[in-house]
Amino acid sequence: MKSIWAWKACIATLAISIGTAACAGHGSDGKSSVELGPRPYYLVADMDEGPLKQALQDCASRPRPQQASDFSIGHRGAPLQFPEHTEESYRAAARMGAGIVECDVAFTKDRELVCRHSQCDLHTTTNILDTDLADQCSEPFSPFDGSNPASARCCTSDITLAQFKTLTGKMDGANPRATTVEEYLKGTAGWRTDLYSQSGTLLSHRESIALFQELGVKMTPELKAPQVSIPYQGEYRQQDYAKQLIEEYRQAGVPPRDVFPQSFNLEDVRYWIGHHPRYGQQAVYLDGRDSEGLDPQNPGTWQPDMDTLAGYGVNIIAPPLWMLVTVDERNRIVPSPYARAARAAGLDIIAWSLERSGPLANGGGWYYQSVQPAINNDGDTFTLLDVLARDVGVIGVFSDWPATTSFYASCQKFLHAKRPALP
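Residues numbered from 1 in each chain as written. Predicted model: local features only at pLDDT ≥ 70, side-chain atom pairs only at ≥ 80, totals over all residues. Heavy atoms only, no water.

A.B. asks: Help me understand the overall build of the protein, please; the structure alone is not making it clear to me.
C.D. replies: If you tally the helices and strands in the protein, you get 15 helices and 15 strands. Relative to a compact globule of 423 residues, whose C-alpha radius of gyration would be 22 Å, the protein shows 22 Å and is just as compact. Dimensions of the protein, computed from C-alpha atoms along their principal axes, come out at roughly 60 × 55 × 50 Å. Within the protein, the proportion of its 423 residues that are buried is 53%. The contacts of the protein with a sequence gap of at least 6 include a subset with a gap of at least 24, amounting to 71%. In the structure as shown, the protein presents an accessible area of about 17800 Å², 50% of it carried by carbon and sulfur atoms. If you average the places of the 38 positive and of the 50 negative side-chain charges in the protein, the two averages end up 7 Å apart. (Helix = DSSP H or I, 4+ residues; strand = E, 2+ residues; numbered from the N terminus. Rg over C-alpha atoms; globule rule 2.2 N^0.38 Å. Buried < 20%, exposed > 50% of the residue type's maximum accessible area, 1.4 Å probe, protein only. Contact = heavy atoms within 4.5 Å. Areas by Shrake-Rupley, 256 points an atom, 1.4 Å probe, with all protein chains shown as cover. Lys, Arg positive; Asp, Glu negative; His and termini not counted. Charge placed at Lys NZ, Arg CZ, Asp CG, Glu CD.)

A.B. asks: What am I meant to see in helix α13 (residues 337–344) here?
C.D. replies: Given 3.6 residues to a turn, an α-helix orients residues that are three or four positions apart in the same direction. When α13 is considered as a whole, its buried residues turn out to be Tyr338, Ala339, Ala342 and Arg343. For α13, the arc enclosing every buried residue in end-on projection is 130°, short of the 170-degree limit, so these residues lie on one face. Where α13 is buried, its residues touch α12 (306–311), β11 (316–318), β13 (333–335), β14 (348–354) and α14 (380–392). Directly beyond the C-terminal end of α13, a positive phi value near 85° is found at Gly346. (Arc of directions from axis to C-beta.)

A.B. asks: In this structure, what is going on with the packing of helix α4 (residues 87–95) against helix α8 (residues 205–215)? I would like to understand it.
C.D. replies: In helix packing, the relevant descriptors are the interaxial angle and the interaxial distance, both defined with respect to the helix axes. Packing of α4 against α8 brings their axes to within 11 Å, and their N-to-C directions diverge by 25°. Taken together, the axes of α4 and α8 are roughly parallel relative to one another. Of the two possible hands of crossing, α4 and α8 adopt the one that is right-handed. Side by side, α4 and α8 meet where Glu87, Tyr90, Arg91 and Ala94 of the first sit next to Ser208, Leu211, Phe212, Glu214 and Leu215 of the second. Residues of the contact of α4 with α8, tallied by class, amount to five nonpolar, one polar and three charged. (Axes fitted to C-alpha atoms, helices over the stretch in contact; angles between N-to-C directions. Parallel < 35°, antiparallel > 145°, perpendicular 65-115°, else oblique. Left-handed = near helix turned anticlockwise from the far one by under 90°. Nonpolar A, V, L, I, M, F, W, Y, C, P; charged D, E, K, R; others polar.)

A.B. asks: I'm lost on the pattern of salt bridges in this one. Help?
C.D. replies: Pairs may arise between side chains of opposite charge once their charged atoms sit close together. In total, this model carries 20 salt bridges according to the counting rule given. Ionic pairing is found between Glu35 and Arg95, a salt bridge with its closest N-O pair at 3.3 Å. Placement of the pair is Glu35 in the loop between α1 (4–17) and α2 (39–45) and Arg95 in helix α4, with a sequence separation of 60 residues. As a salt-bridge pair, Glu182 and Lys186 come within 3.7 Å of each other at their nearest N and O atoms. An identical accessibility class is assigned to Glu182 and Lys186; each is exposed. (Salt bridge = Lys/Arg side-chain N within 4 Å of Asp/Glu carboxyl O.)

A.B. asks: I keep staring at the state of the cysteines and nothing clicks. Help me out?
C.D. replies: Note on terminology: a disulfide is the covalent bond linking the sulfur atoms of two cysteines. Per the counting criterion, the structure on display carries four disulfides. Here Cys103 engages in a disulfide with Cys115; their sulfurs sit 2.1 Å apart. Across the disulfide from Cys103 to Cys115, rotation about the S-S bond amounts to roughly -105°, and the bridge is consequently left-handed. Pair noted here: Cys103 is in strand β2 (residues 98–107) and Cys115 is in strand β3 (residues 113–115), with a separation of twelve residues, a long-range link. For the residue pair Cys103 and Cys115, the accessibility class agrees, reading buried in each case. Linked covalently through their sulfurs, Cys120 and Cys155 form a disulfide whose S-S length is 2.0 Å. Looking down the S-S bond of the Cys120 and Cys155 bridge, the torsion is 100°, so its handedness is right-handed. Here Cys120, found in the loop between β3 and α5 (122–125), pairs with Cys155, found in the loop between β5 (151–153) and α6 (161–164); they are 35 residues apart in sequence, far enough to count as distant. Considered together, Cys120 and Cys155 belong to a single accessibility category, that of buried residues. In the protein, the bonded cysteines, taken in the order they occur along the sequence, pair up as 1-8, 2-3, 4-7, 5-6. (Disulfide = S-S within 2.5 Å.)

A.B. asks: Would you mind going over empty space enclosed by the protein with me for this structure?
C.D. replies: Empty space among the atoms becomes visible once a probe the size of a water molecule is rolled across them. With the rule as written, the count across this model stands at one cavity of 30 Å³ or more. Reported here for the largest cavity is a volume of approximately 40 Å³. Lining the largest cavity, in full, are Ile73, Ile100, Thr220, Phe260, Gln262, Val284, Ile350 and Phe398. Class assignment of the residues belonging to the lining of the largest cavity gives a composition of six nonpolar, two polar and no charged. (1 Å grid on protein atoms, 1.4 Å probe; cavity = no way out; pocket = protein on both sides within 12 Å on 5 of 7 lines; lining within 4 Å. Points joined across faces, edges and corners; volume = space filled by probe spheres on them.)

A.B. asks: What should I look at first to understand the environment of Tyr271 in this one?
C.D. replies: Looking at the element boundaries, Tyr271 is found in helix α10 (residues 266–275). A sequence separation of 128 residues divides Tyr271 from Ser399, and the C-alpha atoms of the two residues are 28 Å apart. Beyond its immediate chain neighbours, meaning those up to four positions away, Tyr271 contacts Gln239, Ala242, Lys243 and His276.

A.B. asks: Teacher, can you tell me more about the side chain of Glu355 here?
C.D. replies: Tracing the sequence through the fold places Glu355 in the loop between β14 and α14. Here the side chain of Glu355 touches Thr404 through a polar contact of 2.6 Å, side chain to side chain. If we skip the residues at most four places from it in the chain, Glu355 touches Arg39, Leu43, Leu80, Tyr368, Thr381, Ser399, Asp400, Trp401 and Thr404. (Polar contact = N/O pair within 3.5 Å; in protein donor to acceptor, adjacent residues only side chain to side chain.)

A.B. asks: I'm lost on α4 in this one. Help?
C.D. replies: Among the residues making up α4, those that are buried are Ser89, Tyr90, Ala92, Ala93 and Ala94. Buried residues along α4 sit against β1 (69–74), β2, β3, α8 and α15 (402–412). Following α4 by one or two positions, Gly97 has its phi on the positive side, about 95°.

A.B. asks: So what exactly am I meant to see when it comes to the packing of aromatic side chains here?
C.D. replies: Think of a pair of aromatic rings as described by two things: how far the centres are apart, and how the planes are tilted against each other in angle. For the structure shown, the criterion picks out 17 aromatic pairs. The interplanar angle of 35° and the centroid separation of 6.4 Å between the aromatic rings of Phe71 and Tyr408 together place this pair among those described as tilted. Taken as a pair, Phe71 in strand β1 and Tyr408 in helix α15 lie far apart in primary sequence, 337 residues in all. Centre to centre, the rings of Phe82 and Tyr196 are 4.5 Å apart; their planes meet at 15°, and the pair counts as stacked. In this pair, Phe82 is assigned in the loop between β1 and α4 and Tyr196 in the loop between α7 (181–184) and β7 (200–201), connecting sequence segments 114 residues apart. (Phe/Tyr/Trp six-rings, centres within 6.5 Å; stacked < 30°, edge-to-face > 60°.)

As structure tokens, this is what we get:
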């Protein structure tokens, strides 16, 4: 039992955070209770006046246990404050109610799968440059020389799994004007924090599966594009890579309903659908075709189009959130033609990634480019989230701070993915 002083401290915390479940213990199933912390309530207070703000305030004013939700997806864990793809980041995401958590998957020199956003990002996401393994990097550290930025290139394929496990994860970032390794590693954006960067525990893909099973969350592994020649080492083909990912879930006894394998490579998705249909049913096509000229306002640029994707057996498409929304003549956020077409073709939609590119007061950056006229404060995060949920009809949202999406989902009853009627 908690002491009376502990309960008083909890009550004080509750008062400050306007309803967070910080004082909750463990549920009857033994799992940790969902704890949101103060951020969702800060965002609610920052919203423009209106019915949505009132509804969220009503939820915030009635302290009650929060619920985890599949609508809330931990993007690389909780990397707004924790080093991405680390055990600490994953645990934070689950604690904040993410019902699904992501491990981006790359392979090592000995062809073991590990959780990294990119095969060649170790120089910005780990301490490798400050270790003896720096000598094995594809490109050594090169300091800023007055005109060329500081640089390095360290890949998972440069080292073995055992060597990878000796590294420590850090907040993603680098200082382009660095003249020393120490300066280079200090590149964390001002709206993030290094408070929790002292012990970022790196994980293999198998270890992430075991952790997610322990945490009771579903899993969305992303097969990252190789940045070395394929077939790797003369024999490791793209299909071997895609098969290995699925096999590690099968070997761990994870049911297909708990796995959402994803890739920007449509051929990966089609491979899973054709060769591993039980897991392929929930395969997610990550749509990054904006870099190839896709315009969410112009159907003529969608190749293949939505009906063709559905014909391939694709059930879920996942574009960046800005492709799903636009503004109308009154600068209100509304679904884009792309979003309407995806829904009309029968595709489920997942959006990425909320709270990824910093404060919204200055327009929000790349992820909010299509709705900048409608954004002027951090509270607009919930305005956008509401449009994605109710009008676009997404079944889930990736977030760098899952508590925000979890609070919305719990308040608005988006606990299990439901598609509303097509607007």
